[in-house]
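Structural description and commentary
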Amino acid sequence: MQGTLGRVLVIGGSDSGGGAGIQADVKTVTVLGGYAASAITAVTAQNTLGVREVMGVPPRMVALQIEAVLQDIGADVIKTGMLWSASVAAVVAECCARLAPHAQLVVDPVVVSSTGHELLSAEGREVVIEQLVPRAALVTPNVPEAVLLTGVSIERPSDLDKAADAFLARGASAVLVKGGHLEGDTVVDLLRTMDGDEVRFESPRIHTRGTHGTGCTLASGIAAGIAEGLTLRDAVARARDFVVGALAVSPGLGKGIGPLNHGYRIAPKADADIGV
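Quick caveat, the model's predicted, so the values are computed rather than measured. (Residues numbered from 1 in each chain as written. Predicted model: local features only at pLDDT ≥ 70, side-chain atom pairs only at ≥ 80, totals over all residues. Heavy atoms only, no water.)

So, on to the side chain of Thr 80. Within the secondary structure, Thr 80 sits in strand E4 (residues 77-80). For Thr 80, a relative accessible area of 0% translates into the label buried. In contact with Thr 80, not counting residues within four places along its chain, are Ile 11, Val 92, Leu 105, Val 106, Val 107 and Asp 108. (Helix = DSSP H or I, 4+ residues; strand = E, 2+ residues; numbered from the N terminus. Buried < 20%, exposed > 50% of the residue type's maximum accessible area, 1.4 Å probe, protein only. Contact = heavy atoms within 4.5 Å.)

Looking now at the nonpolar core. Note that soluble globular proteins tend to have their nonpolar side chains buried in a common cluster. Ranked by internal contacts, the top residues of the largest apolar core, which has 47 residues, are Leu 9, Ile 11, Ile 66 and Ile 78. Residue contributions to this core peak at 6 residues, all from helix H3 (residues 86-99). When neighbours within four sequence positions are excluded, Leu 9 is seen to be in contact with Ala 37, Ser 38, Ala 39, Ile 66, Val 69, Leu 70, Ala 75, Val 77, Ile 78 and Lys 79. Ranked by size, the runner-up nonpolar core spans 29 residues in total, among them Leu 191, Ala 224, Ala 246 and Leu 260. (Core = buried A, V, L, I, M, F, W, Y, C linked by side-chain atoms within 4.5 Å.)

Moving on: the pattern of salt bridges. With the rule as written, the count across this model stands at 15 salt bridges. Among the salt bridges present, the one from Asp 159 reaches Lys 162, with a minimum N-O distance of 3.5 Å. Looking at Asp 159, the relative accessible area reads 8%, which means it is buried. Exposure remark for Lys 162: the relative accessible area of 42% places this residue in the partly exposed category. Between Arg 192 and Glu 198 there is a salt bridge; the shortest N-O distance is 2.4 Å. A network of salt bridges, in which partner residues are shared, links Asp 161, Asp 165, Arg 192, Glu 198 and Arg 200. (Salt bridge = Lys/Arg side-chain N within 4 Å of Asp/Glu carboxyl O.)

This next bit is on empty space enclosed by the protein. Counted by the stated rule, this structure contains 1 cavity of 30 Å³ or more. The computed volume of the largest cavity comes to approximately 30 Å³. Forming the walls of the largest cavity are Pro 157, Gly 179, Leu 182, Glu 183, Thr 186, Val 187, Val 188 and Arg 205. In the lining of the largest cavity, the residues fall into 4 nonpolar, 2 polar and 2 charged. (1 Å grid on protein atoms, 1.4 Å probe; cavity = no way out; pocket = protein on both sides within 12 Å on 5 of 7 lines; lining within 4 Å. Points joined across faces, edges and corners; volume = space filled by probe spheres on them. Nonpolar A, V, L, I, M, F, W, Y, C, P; charged D, E, K, R; others polar.)

The next subject is the layout of surface pockets. Here the largest pocket is characterised by a volume of approximately 1,100 Å³. For the lining of the largest pocket, the secondary-structure elements that each account for two or more residues are strand E1 (7-15), helix H1 (21-31), strand E2 (35-47), helix H5 (143-150), strand E8 (186-193), strand E9 (198-204), helix H7 (214-228) and helix H8 (232-248). Looking at side-chain class alone, the lining of the largest pocket contains 17 nonpolar, 20 polar and 9 charged residues. Computed from the structure, the second largest pocket encloses a volume of approximately 150 Å³. What lines the second largest pocket is Gln 104, Ala 137, Ser 173, Ala 174, Thr 193, Met 194, Asp 195, Ile 226, Leu 230, Thr 231 and Leu 232. Broken down by class, the residue content of the lining of the second largest pocket amounts to 6 nonpolar, 4 polar and 1 charged.

So this is what it looks like as C-alpha cells:
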C-alpha cells in the first residue's frame with residue numbers, strides 16, 4: 001500500500017437508483033478513506049420499488065476493466081458483488097488469480113436483490129462456490145444467500161454456525177454470516193475464521209425501510225478497512241458501525257425499500273468555510 005490510502009477494486013453491478021451495487025461500494029470506500037476503482041458486470045434499471053431490467057456486460061469487457069485497473073493502479077483488496085452470470089463469474093475469478101494473486105479477496109455473494117429479483121444464475125452460484133470462495137479472505141453471505149449456496153437451514157442465530165462451517169469447508173479463510181434477515185430485536189452477525197477464531201457481533205435492530213444496499217455497504221466497508229491495514233475483526237466492527245449509522249439516518253427516498261445515508265459522516269461546511 002502507498003501511505004494509508006487503501007486501494008479497493010469493486011466488481012459488481014450498477015444500481016441506477018444509487019443505493020446498492022457499484023454506487024454504494026464507491027461511496028462507502030471513499031467515505032471511509034480508501035480509493036475505489038470499479039469494474040461493472042451488469043447495468044440495472046432499478047429504483048426503490050425493484051429491478052426492472054438487467055443487461056449483462058460481456059465477459060470480455062469485464063475482464064478489460066479489471067485488467068486496466070490492476071495493471072496500472074493496482075488493488076490491495078478486491079471486493080466482488082453482483083456477478084450476474086457464470087461466464088462473468090469465471091472471468092472475474094481468472095483475472096483475480098492471474099493479475100492480483102496477492103490482493104485480499106472479499107466475496108459478497110449477491111444472489112437476489114432486496115426486492116426479490118434474481119441476480120445470479122444457478123450456474124453462476126456454482127462458479128462462485130468453486131472458484132471464488134476457495135481463495136476468499138472473507139465471504140459475507142446474508143441468510144438467504146447462505147441457504148442457497150450451502151443448503152444449510154437457518155432459522156435462528158444459533159444456525160449461523162453451520163453456515164459458517166460450510167463456507168470454511170469450501171476453502172474460505174473467513175466468513176461473516178449476516179443474520180439481519182432473521183426475526184428479533186437484535187441483529188447477530190457471526191465472524192468465523194479457518195483458524196478457529198470467532199466473534200459474534202450484536203446490535204439493536206433499526207426499524208426503517210431504508211435498507212437497500214446494506215450488504216454491499218458492509219462488504220465494501222470491510223474491504224476498505226482491510227486495505228487500510230486493519231485487522232479483520234476491526235475492519236468488520238468499523239464497517240458494521242458505519243452501516244448502523246447510515247441506517248439510523250436513512251434519507252427516506254423513494255416509495256419502496258430506500259437507500260442508506262452513505263454520506264452521514266460528512267459534516268456540512270460552515271458558512272465561514274464557503275465564504276458566506
